[in-house]
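These are the residues of each chain, in order.
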Amino acid sequence: MTTALLILALLVTGNVGRIYYQNAQEPELGVEQGRLQPIDKKPNNVSTQTDDAAKKVEPLAAKESPAATLSALKKAIDLYRGGEIKRATDDYLYVVFTTGKMRFHDDAEFWLDNSTQQVHFRSASRAGYSDMGLNRRRFERITELYAAQ
């Protein structure tokens, strides 16, 4: 029985260590040739620029100016809580959201495509396989907060 418990403890410790490592790794993100980075096959992400219907969310309409759009996004992120803006330009925001209990990091990007007057979005959990719909719910709530600006 003690061998089985030791093996179980090693497996649990190994998985916790793997998740901690994944959570600490900041991905390389940004806009290249008018596109945010592709999302992977895991169910813990959403994007406005994916062809996968299960992970697709609709872009936001831009406000009357790029400055107004970014201001409204920043306010929505602030009101949502738990997000830290890591990088901001005149058409792009990179935000790391940290979950309350487990302190998992989710990387979110907002890119204002001035040619289409749309804000594209990408959000993915760093660790684990499933986010139980959190990235989609976060996008929906930020969309509501952004629309109210």
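You'll find the structure just up there.
Residues numbered from 1 in each chain as written. Predicted model: local features only at pLDDT ≥ 70, side-chain atom pairs only at ≥ 80, totals over all residues. Heavy atoms only, no water.

**Q** Honestly, the packing of aromatic side chains in this entry has me stumped. Any pointers?
**A** To describe a pair of aromatic rings, you give the distance between the ring centres and the angle between the ring planes. Applying the stated criterion across every chain, the model contains three aromatic pairs. Taking the centre distance of 5.5 Å and the plane angle of 90° together, the rings of Tyr80 and Phe97 count as edge-to-face. Of the two residues, Tyr80 sits in helix α2 (residues 66-80) while Phe97 sits in strand β6 (residues 92-98), which places them 17 residues apart along the sequence. With a centroid separation of 5.0 Å and 55° between ring planes, the pair formed by Phe110 and Phe121 is classed as tilted. Of this pair, Phe110 sits in strand β7 (residues 105-113) while Phe121 sits in strand β8 (residues 118-125), and the two are 11 residues apart along the sequence. When sorted by exposure, Phe110 lands in the same class as Phe121, which is buried. Among the aromatic residues, those joined into a ring-pair cluster are Phe110, Phe121 and Phe139. (Phe/Tyr/Trp six-rings, centres within 6.5 Å; stacked < 30°, edge-to-face > 60°. Helix = DSSP H or I, 4+ residues; strand = E, 2+ residues; numbered from the N terminus. Buried < 20%, exposed > 50% of the residue type's maximum accessible area, 1.4 Å probe, protein only.)

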